[in-house]
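Architecture and fold: a report
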Amino acid sequence: MDILDRIQALVDAHKVVLFMKGTAQFPQCGFSSRAVQVLQAAGVEFHAVNVLDDLEVYENLPRFADFPTFPQTYIKGELIGGSDIVLEMYESGELQEMVQEAA
Amino acid sequence: MEMADIRARVEAAFAHAQVEVQGEGCNAEIRIISEAFDGQGRLARQRAVLGLFSAEIASGELHALTVKARTPAEGAVA
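Owing to the predicted nature of the structure, the values given are computational and were not obtained by experimental measurement. (Residues numbered from 1 in each chain as written. Chains lettered and ligands numbered in written order. Predicted model: local features only at pLDDT ≥ 70, side-chain atom pairs only at ≥ 80, totals over all residues. Heavy atoms only, no water.)

**Considering the sheet that holds strand 2 (residues 47–50) of chain A**
Think of a sheet as strands paired side by side through backbone hydrogen bonds, with each pair either parallel or antiparallel. Residue and element names in this part refer to chain A. Pairing is mixed in the open sheet, where four strands are placed in the order 2-1-3-4. Looking at strand neighbours, the two that pair on one side only are strand 2 and strand 4 (78–81), the edges of this open sheet. The average undirected angle you get between the axes of adjacent strands in this sheet is 25°. Bridge analysis of strand 3 (residues 72–75) against strand 4 gives three bridges, and the strand direction is antiparallel. Within strand 4, the residue paired with tyrosine 74 across the bridge is leucine 79. Packing of helix 1 (residues 3–13) onto the sheet brings it into contact with strand 1 (16–20), strand 2 and strand 3, and relative to strand 1 it is tilted by some 130°. (Pairing = 2+ DSSP bridges. Helix = DSSP H or I, 4+ residues; strand = E, 2+ residues; numbered from the N terminus. Axes fitted to C-alpha atoms, helices over the stretch in contact; angles between N-to-C directions. Contact = heavy atoms within 4.5 Å.)

This is how it looks when you write it as structure tokens:
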């Protein structure tokens with residue numbers, strides 16, 4: 001399967017997907033850690049993909065997303081952004097709203 | 001990458017913007033207030049600023065970039 005198709009399949013398979021460095025239990029980067037904390041604080045269930053464990057995703061996700069950095073959060077297949085954006089949206093309540101509406 | 005160079009590049013791309021850069025080595029926090037962001041969503045703003053550094057991000061020279069982008073109307077960056 002083409003890597004871009006594989007990434008597409010991943011973001012389509014779960015309502016909320018977080019591409020991060022490390023695992024939700026053991027994040028390997030401060031920004032990834034922050035994204036996990038925000039999603040957990042918001043009570044959002046998410047599927048985490050450890051890009052350090054998946055070189056193909058690590059090398060191709062920036063191309064897929066037209067967004068250069070990690071972590072990357074997707075809701076219903078749509079890129080929301082990195083940890084900055086997710087934190088801002090949590091603080092404003094937009095994150096919780098968006099997740100609810102994405103039922 | 002030097003913080004002064006990061007700042008210079010952002011200032012060159014965003015005329016009349018208020019730019020602050022903090023950080024060291026491969027981690028930087030960029031705070032920018034510019035009217036250019038008016039009408040732009042969060043993701044568009046991030047792409048606009050991060051896009052200035054795609055070469056350095058791809059090479060790993062810059063690894064962590066925090067971008068806080070506001071319009072003057074939105075007030076000072078927190």
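**Some remarks on the sheet that holds strand 3 (residues 64–70) of chain B**
Residues and elements named next belong to chain B. Sheet architecture is open: three strands sit in the order 1-2-3, paired in mixed fashion. The open sheet has two edge strands, strand 1 (18–24) and strand 3, and neither has a second partner. The average undirected angle you get between the axes of adjacent strands in this sheet is 10°. Pairing of strand 1 with strand 2 (residues 27–33), which is carried by seven bridges, proceeds in the antiparallel orientation. Residue pairing in the sheet places glutamine 18 in a bridge with isoleucine 33 of strand 2. Packing against the sheet, helix 1 (residues 3–13) makes contact with strand 1 and strand 2, and its axis sits at approximately 155° to strand 1. Each of strand 2 and strand 3 touches helix 2 (residues 42–50); the most contacted strand, strand 3, lies at about 125° to it.

Worth remembering: the numbers are spatial, not functional.
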